[in-house]
Every structure is written in structure tokens, then in C-alpha cells.
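Coordinates in review
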Amino acid sequence: MSGRILVDAFSRRIDYLRMSVTDRCDFRCVYCMTEEMEFLPRSQILSLDEVYRVAESFVALGTRKIRLTGGEPLIRPGVVGLCERVAALPGLKELCMTTNGSQLKKLARPLIDSGLNRLNISLDSLENERFGELTRTGNLSQVIEGIDAVIAAGFQNTKLNCVVMKGRNDGEINDLIRFAIDRQLDISFIEEMPLGAITEHSRATTYFSSEHVRQRIAERYTLIESAETTDGPSRYWRLAEAPNTRVGFISPQSHNFCDSCNRVRLTVEGRLVLCLGQEHAVDLMPILRRDPGDRVLLEEAIIESMKVKPYRHGFQVSDDVQVVRLMNMTGG
Ligand code: SAM
Ligand code: SF4
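As the structure is a computational prediction, the values presented were derived from the model and not from experiment.

This part covers the overall build of the protein. When helices and strands are tallied, the protein shows 11 helices and 12 strands. Relative to the globule expectation of 20 Å for 332 residues, the C-alpha radius of gyration of the protein, 19 Å, shows essentially globular dimensions. Taken along its principal axes, the extent of the C-alpha atoms in the protein is 55 × 40 × 40 Å. Looking at the protein as a whole, 58% of its 332 residues qualify as buried. A total of about 13,600 Å² of accessible surface is found on the protein, and carbon and sulfur atoms cover 49% of it. Measuring between centres, the 42 positive side-chain charges of the protein sit 4 Å from its 45 negative side-chain charges.

Right, dumping it as C-alpha cells:
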């Protein structure tokens, strides 16, 4: 490692990069996408080699954790090979991935062999019909088989991610926790964020705060607050009844987690997005395409970008679109 590190204008050390490897997805989750989606033409997206080069430069600048996401990262051909190359970067402590689980039955084993350290798997419902409604195109048993394949492959500290929506899946919170306990997984509950225009429901009416989730959990379990962190935005609690399962809360609306922000995101178009909840971004694509071998220019652009990272997002509970990008563009 070069000894250089990334620090933003508010003295926050930035050492976590989330990279979207595709905007495409085999699901159309109601909070993330519209039913009819238009995806980017291939010429406008980074090649996997370009994604690797950005990862390499970030790691040279002190990045310790990288998460591959999307869209659905596992539908991009070649993604396992990318994992292998990124996992081998000297200095990187952890390579993670967020996935909807649809491809894990066949890919869990190649992924662990590639050096990928950890998986987050989205799971919003355990009821077939509701799962179908929320994902529009997803198949629950395929995802559960994928989760079981991940456990069989030997992945540790796997976490389930659940976006909670009032009147949709809030009645399943404790069943999802039971599912996590039975498989010795962690689980995080996420407040829906106002990213991109969706038409299927009103985000203001489905808003269900993390505090409400905790009240629901307290009907069945005893929550114990903990100071643990995985270097992401989740705040963790333990359950007295099941000490091996951590319950996390990602609360962008009700609890501002910006003070300790340590991350930036790369979109699959090559834009470095400096805050999930703001539009500030730096376009790395021209540098990557103009001078493919030049790491100096790329690293200078990354260092410069730190100056424009905003202090905080401005999410509020409402139906107004506060950021025009949908989540699949930015990488959740
Ligand atoms: N396709 C993968 C998946 O679903 O896990 C990775 C990409 S997805 C955009 C990453 C995470 O963002 C998922 O856990 C998803 O539930 C969450 N997400 C998507 N749109 C969201 C929104 N508007 N508010 C909160 N979370 C959202
Ligand atoms: Fe696809 Fe993930 Fe968005 Fe669902 S949340 S539509 S699985 S990218």
C-alpha cells in the first residue's frame, strides 16, 4: 500500500467502497424499480476490467472494505472472476456482496472459492404470494435454496436485509427473525429511502420506522442494545433469547448516520457518488477510457473527489423524490 489515505473535508476517513457492477436485475422490487425499466446500453457501462481498476486504485488509497452490488450483481457474466481479482488486492480486508439470492444455489460455492468474504441477502417476505408481489418477478423458494447453499458452502456472518413497509410486510418481522435464528444468520431491517420515482405505492404511507420495528420485535423477544459495528450504517442489537443472531437497523430517515460516514459509491456508469442521499458525483469514466493504463490520473481524481463529499443526506419522510437515481443505479 502507498501509505496514502482518503479523508474528506469533514475529517472523515473514507475506507469503504460500494461498487455497482450492473444496473440490471431479474427482480423488480416495488421500492427499488418501476415495472417497466429501461437499462443502460452496454457501451455506457464499465467493463469488469474497468471496475477492477477503480477497486485497485481505491485499495491503493487505503480502502479496506469493498461491497459489490447492483442491480443484481450475480446476473453480470464474469462477476465471480471479478471477485477473485478484487479479493486478491493486497491491503483489502473484506470483500462483500449484496444480492437478492436468486443465483446463489449455483454460485455460492464458486463465490466462496473466489475469496468473497461475506454476503448480504435481501429477503422481505416468507410468504410466496407476498414475496411475488413485492419483488414482482422473484421466486421465494429459489431464494431460500440460495440461502441454504450459502450456509452449506461455509460462509460466515451472512446477513439478511429486509425493507419494512407498513401494511405490506410489517406483520412478518418476527417470522423473519425466527428464520434468521434457525439458520444462525444476522438480519437488518431497513427504512425505505426516497430514491427515484416509483409508482406502486406511496412511500409516505408505507413508512415504518426502525423504532416501530423494535416495538414489534419486543412483543416476542428481548432486545439488548450493542455497540457492535460492521463498518456500515447498521446499528446492532442482540436478542436475549438467541445470542448468536444480531438484529441491525438501517434508519436513514429516523436516525441520521452521516457523522460517521466512511463510504462512497461507484455507479456502473463510472460515476463516483459521494453520498447516497445527494447528487454530488465525479465522473471517472472519461479518465478510465481516455488513458486506460494511467493510475496516477485516476487516483488524483479520487483524492480530489473527497473535497465535494457532502456532510449529510437530506432524506425526509414524504412522497417527493429526493434523489432522482433509483437504488439499482447507485448500488444499495
Ligand atoms: N439486488 C441486490 C439486492 O436486492 O440485495 C443488490 C442491490 S439492492 C439495490 C441493495 C439493497 O438496497 C437491498 O437490500 C434492497 O432491499 C435495498 N433497497 C433498494 N431500494 C431501496 C429503497 N428505496 N430504500 C431502502 N432500501 C432499498
Ligand atoms: Fe433488484 Fe435488488 Fe432492486 Fe430488488 S432491490 S429490484 S433485487 S436491485
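Within the largest apolar cluster, 92 residues are counted, with the highest numbers of intra-cluster contacts made by Ile 66, Leu 111, Ile 177, Phe 189, Ile 217 and Leu 284. When residues of this core are assigned to their parent elements, the largest contribution, seven residues, is made by helix H1 (residues 48-60). Contacts of Leu 111, omitting those with residues within four sequence positions, involve Leu 74, Val 80, Cys 83, Met 97, Leu 104, Leu 116 and Phe 155.

Neither face of strand E10 (residues 263-266) is left uncovered, since the one carrying Arg 263 and Arg 265 and the one carrying Val 264 and Leu 266 both have all their residues buried. Of the strand pairs in this sheet, strand E1 (residues 16-20) and E10 are connected by four bridges, and their pairing is parallel. Looking at the pairing, Leu 17 lines up with Val 264 of E10. With two bridges joining them, E10 and strand E11 (residues 271-273) adopt antiparallel strand pairing. Following the sheet pairing, Arg 265 is matched in E11 by Val 273. The antiparallel hairpin formed by E10 and E11 contains four residues in its connecting segment, where Gly 270 sits at a positive phi of about 90°.

Around ligand 2 lies a shell formed by Cys 25, Phe 27, Arg 28, Cys 29, Cys 32, Met 33, Gly 71 and Asn 100. Of the residues in the shell around ligand 2, the class split is five nonpolar, two polar and one charged.

About the criteria used
Residues numbered from 1 in each chain as written. Chains lettered and ligands numbered in written order. Predicted model: local features only at pLDDT ≥ 70, side-chain atom pairs only at ≥ 80, totals over all residues. Heavy atoms only, no water. Helix = DSSP H or I, 4+ residues; strand = E, 2+ residues; numbered from the N terminus. Rg over C-alpha atoms; globule rule 2.2 N^0.38 Å. Buried < 20%, exposed > 50% of the residue type's maximum accessible area, 1.4 Å probe, protein only. Areas by Shrake-Rupley, 256 points an atom, 1.4 Å probe, with all protein chains shown as cover. Lys, Arg positive; Asp, Glu negative; His and termini not counted. Charge placed at Lys NZ, Arg CZ, Asp CG, Glu CD. Core = buried A, V, L, I, M, F, W, Y, C linked by side-chain atoms within 4.5 Å. Contact = heavy atoms within 4.5 Å. Pairing = 2+ DSSP bridges. Near = heavy atom within 4 Å. Nonpolar A, V, L, I, M, F, W, Y, C, P; charged D, E, K, R; others polar.

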